[in-house]
Amino acid sequence: MAYTFNTVNPVGANGSTDARDLVDNAQVEDLLINSTELTAPDRLGVQRRTWAGINHSVAGYTPRGPWVTGTDYLVNELWEYDGSWYLVLSDYTSGATAAADIAGGNVVVHQPKDWVVSVATFAGLRNLEPAFDGQQVELLGHTVAGVGGGMFYADYSSSAADDNGVTGVTAGGRRWIRRTNGTIKPSFYGMQSGSVSGAAMLTMCSAVKSGFTLDLEGISLTQVHSGTNNNPYRSAEPNNQTTYAFFEKVDNITIRNGKMSASLDMSSNSLNLFGFSGCKNVIFDNIEMDLQASGTPVYADNGYETWASLIQFLNHEDGTLGGGLTIKSNCKLRINHPDGASIGPQSTNPVHSYSGKLVGVDFYGDYSAITPGWMSGLVIEDGVEFFECTARTIWCWMHRDISIGNVRFIDCGTPSGTAHSLIRMLHGGINISIGDIYSENCHVSSDTALWILSNNNGPWHPAGISSGHWVAEGCTGQQMWAIGDAKSLTTGDVTMIDCDFSGPSISLFNGSGSAHEKCKIGHVRSAGTKSELLNISVSDASEVEVMGLSGDGGGSAKNAYTVKHTIGMPVIHSANLTGWSNGIFGYPNASAIDLRNFKLNGNASNGLGFSSPSLIGSRISDGEASGNGSVGLRIPQDAFVDGVVCKGNLTRQIDIGENAVLKNYEIDDAPTTSNTEPGVKNEAATSGMLVKLGTIRSTNGRMTYGLDINTTATITNNDFIGSVGTTAKWRTFGGSTVVGNTPDDTP
């Protein structure tokens, strides 16, 4: 139809401003309302259904399927051609072509192939029988307008169940399928912020296929436990792994933009906020998780234990391996139980030595001494924050290829110690990269550490591990680090501010009697922390290096560094330790250390001490041990000591062990130094020492002897400055060599 002007001006973003189009639109409106025809063209020539056409469309029609030549068609029957449906206006027999029939006037377009019907609600969608396969429908809202709407299409081949969001089934058994464009949203199911049943959550998550995104649309959903536990991961295991946001063998999915939370009574129920079985490459983006647990967990001898976690990531029971979990920088995680630390060892449970798990991120491979089902590819990006967690916050088991960025742990646990480690890595730990970690006001239980890394007596050792700087402020527990059997470990500096650990802050131990290899720890610093800084109790520490130890123990009854290894010689590149019981102390039978560039001043007992036999063959160089409450340096048997200064220690300045070498040293007394002790004395029943090139002063006249080596020794080229020794400058046993000393070799 030709209108008055027919400008065919495009509509444009704000419509046409041409006055001629206003005239044409008036004619269009007149036809749409008043015409007896079923359709009329708009000013651009597109056919629109008139009011008469709309009224006519509610009449009963009979679809006949695709157009067929030589067929008798009756009034109100429909046939399809090229994706569009045509309504028969009068009885006729079809001709040679559909195009000729369309031009013949016996039919009119009923529904063009791109024309869309709209329905108000999902319930209304179920009541709409599709006219043809592929028909499109616009849903205005799931339950209310504007929430959960979208496009659907009829799929005659589908047998999918009605899930009240993505698939709707009509009374006639036809399926309406939502066009998701690879994204599932809570609004598709009528969900808005607030409580969501477990069944509804499970249904929504089951619609997420490989490559899909679950977009929480910025809302907060609270999972409501049904009161009945299940285990979607392992069919043959107890029903203690209840999970509603559950994903099974889907890969490359993203969960983003919202908050998921729950409350859980562990006296009867278990819940994983998110669960993955046999999934690969899962991303959490801008997600906050919060699980508040309570109640005394249930334990049973059949292996049943109530469980709570934010994320559980497992291999599938059919052998499909999972892996690849990324938590992006804008995520925030909390899992809390008021008595989290007590959810630990239970001697009555023969299946697990630690039961009733409370876990933040559970990245869990399968344990097998023959064929490990490694869980690999955990990535926690810079900026992720864990807060108020009273759990094993990050727990990796049978794991490899882990990247944890610059992560913060804030207020995890309470002063009574209700967290159960911040990062716990057992069995494996291969190719681990950890960034800068900051923990503030975190309190782990008395039998664990902020970071645990160990093979846990298994056959796989942690290897290829690097870590950035760690800062702990106001933290308590048994230890800061507990590291067992590491192979190739490199860390940045460690700083502890006002922390109090019942055990050593940094502990290198044997998980299965294996050596630590190529372990290099940064500078360990303490400010206001009275806990032992370092304890190396591994059997073999031959490839262990510590870049530095420094801190004021503030009168602590503990040693800053306790040496317990029995093989090897770890290197301590620098030390500045004051205010401890002993700056460094060797347990009986501990092997040697290589101590360099040190200040061991002002400690209650010794700067360097040991319990014989210990530290045999150590190398000690370039340092000072002054102002200590007993002896500055107790030099072990066969040690080599070069370039040390010991002044003002209260008992003696140096004790020297059998066959040890002391050279380039300097000693002096203080007004408070004992007046009944020499400056340098041999350990009891020892001999063979070499003492040379020393400078010996007694500024305050407190030494009985400068050197009191009451056994055979070599004393050579030492300078006795001023009046040294209230009894004599030196004393040795018969057979000693005394030569080249100044002012002379006379005692």
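Here the structure is a predicted model, which means the values were calculated and not measured. (Residues numbered from 1 in each chain as written. Predicted model: local features only at pLDDT ≥ 70, side-chain atom pairs only at ≥ 80, totals over all residues. Heavy atoms only, no water.)

## Focus on the nonpolar core
Taken as a class, soluble globular proteins show a tendency for nonpolar side chains to be buried jointly. The test is simple: What we call a nonpolar core is a set of buried Ala, Val, Leu, Ile, Met, Phe, Trp, Tyr and Cys residues that are connected through their side-chain atoms within 4.5 Å. Exposed residues in this analysis have more than 50% of their type's maximum accessible area, buried residues have under 20%, and partly exposed residues fall in between, with area computed by a 1.4 Å probe over protein chains only. Strands here mean DSSP runs of E at least two residues long; helices mean DSSP runs of H or I at least four residues long; both are numbered from the N terminus. The contact criterion used throughout is that any non-hydrogen atoms of two residues lie within 4.5 Å.
Ranked by internal contacts, the top residues of the largest apolar core, which has 143 residues, are Phe247, Phe274, Phe276, Phe284, Ile311 and Trp451. Examining the composition of this core, we find that 6 residues originate from one element, strand S21 (residues 280-294), more than from any other. When sequence neighbours within four positions are dropped, the list of residues in contact with Phe247 reads Cys205, Val208, Leu214, Ile253, Ile255, Phe274, Gly275, Phe276, Ser277 and Cys279. Membership of the second largest hydrophobic core comes to 12 residues, among which are Trp395, Trp397, Met398 and Trp460.

## Overview of the pattern of salt bridges
Where we set the bar: Salt bridges are counted wherever a side-chain nitrogen of Lys or Arg sits within 4 Å of a carboxyl oxygen of Asp or Glu.
Enumeration over the complete set of coordinates arrives at 22 salt bridges. Glu666 is paired through a salt bridge with Arg697; the nearest N and O atoms lie 3.0 Å apart. Pair noted here: Glu666 is in strand S55 (residues 666-668) and Arg697 is in strand S58 (residues 695-697), with a separation of 31 residues, a long-range link. Among the ionic contacts, a cluster of salt bridges with common partners joins Asp290, Arg334 and Glu388.

## Things to note about helix H5 (residues 198-206)
Here is the rule: Our arc is simply the arc of the directions from the helix axis toward the C-beta atoms.
Of all the positions in H5, only Gly198, Met201, Met204 and Cys205 are classed as buried. An end-on view of H5 places all buried positions within 130 degrees of arc, on one side of the element. Each element contacted by the buried residues of H5 is listed here: strand S14 (183-184), strand S15 (194-197), strand S16 (213-215), strand S17 (220-224), strand S18 (246-248) and strand S19 (251-265).

## Remarks on the sheet that holds strand S5 (residues 77-81)
Note the threshold: Should DSSP find at least two bridges between two strands, the strands are regarded as paired. In this description, a line fitted to the C-alpha atoms serves as the axis of each element, helices being fitted only across the stretch in contact, and the angle between N-to-C directions of two axes falls anywhere from 0 to 180 degrees.
The 4 strands are arranged S3-S5-S6-S8 in an open sheet whose pairing can be described as mixed. Looking along the sheet, the strands with just one partner apiece sit at the ends: strand S3 (62-66) and strand S8 (107-111). Neighbour-to-neighbour, the strand axes of this sheet turn through a mean angle of 35 degrees, independent of strand direction. For S3 and S5, the ladder comprises 3 bridges, and the chain directions are parallel. The residue bridging Thr62 from the neighbouring strand is Glu77, located in S5.

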